Amino acid sequence: MSIKRDSPERRKAFRARHNCGNPGPKWKARYWSCRQWRAGSKVEGSESSSEEKLENLILEEIDESKAKKNKPGLWENIRKKKKRMGKNYKPAKPGSKDRPSPEAYKKAQGK
């Protein structure tokens, strides 16, 4: 079974039905589905060694590299400091060089 996305009427109906004008974030299925139904593009994942290529494309789009996964984050560093200092641990005060910036807190929280 093949998708008939080369027909302009079918492509227009699909894109309207799935709201492809605003497909949402790249980690959602709707984004990738709408991406397949673009005009003038080949279907991604239709080649024999496509799994690896598609996986690499997704990793590039989401920006999740192996180096980023192995790097400890802010909260891991705070846990290590608490363990190292024991009962003498006190959080760094605002303005101290050891205190993470508000941007670092937001990044660690995923906001």
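Note that the coordinates shown come from a computational prediction; the quantities given were computed from them, not determined experimentally.

Caption draft 1: Broad picture of the overall build of the protein. Per the secondary structure count, the protein includes 6 helices and 0 strands. Counted from the first residue to the last, the protein has its helices and strands arranged as α-α-α-α-α-α. For the protein, the proportion of its 111 residues judged to be buried stands at 15%. Sequence separation of at least 24 residues holds for 41% of the intrachain contacts in the protein that already meet a minimum separation of 6. Surface accessibility of the protein: about 9,600 Å² in total, with carbon and sulfur atoms responsible for 52%.

Caption draft 2: Layout of the packing of aromatic side chains. Counting across every chain of the model gives 2 aromatic pairs. For the ring pair W75 and Y105, a centre distance of 5.8 Å and an interplane angle of 45° mean the geometry is tilted. Of this pair, W75 sits in helix α5 (residues 74–85) while Y105 sits in helix α6 (residues 102–109); the two residues are 30 residues apart in sequence, bridging distant segments of the chain. On the basis of relative accessibility, which here comes to 23%, the residue Y105 falls in the partly exposed class.

Caption draft 3: Structural view of the confidence of the model for the protein. For the protein, the average pLDDT comes to 77, and 75% of its residues sit at 70 or higher. No element of the protein has a lower mean pLDDT than helix α4 (residues 66–70), which averages 57, and none a higher one than helix α1 (residues 8–17), which averages 86.

Caption draft 4: Fine view of the pattern of salt bridges. Tallied over the entire structure, the rule returns 2 salt bridges. For the salt bridge of R79 with E76, the shortest nitrogen-to-oxygen distance reads 3.0 Å. Of this pair, R79 and E76 both sit in helix α5, separated by 3 residues, roughly a single helical turn. A relative accessible area of 33% places E76 in the partly exposed class.

Caption draft 5: Local environment of α6. Little of α6 is tucked away: 0 of the 8 residues are buried. Count one or two residues on from α6 and you reach G110, which has phi positive near 80°.

Rules and cut-offs
- Residues numbered from 1 in each chain as written.
- Predicted model: local features only at pLDDT ≥ 70, side-chain atom pairs only at ≥ 80, totals over all residues.
- Heavy atoms only, no water.
- Helix = DSSP H or I, 4+ residues; strand = E, 2+ residues; numbered from the N terminus.
- Buried < 20%, exposed > 50% of the residue type's maximum accessible area, 1.4 Å probe, protein only.
- Contact = heavy atoms within 4.5 Å.
- Areas by Shrake-Rupley, 256 points an atom, 1.4 Å probe, with all protein chains shown as cover.
- Phe/Tyr/Trp six-rings, centres within 6.5 Å; stacked < 30°, edge-to-face > 60°.
- pLDDT = per-residue confidence, 0-100.
- Salt bridge = Lys/Arg side-chain N within 4 Å of Asp/Glu carboxyl O.

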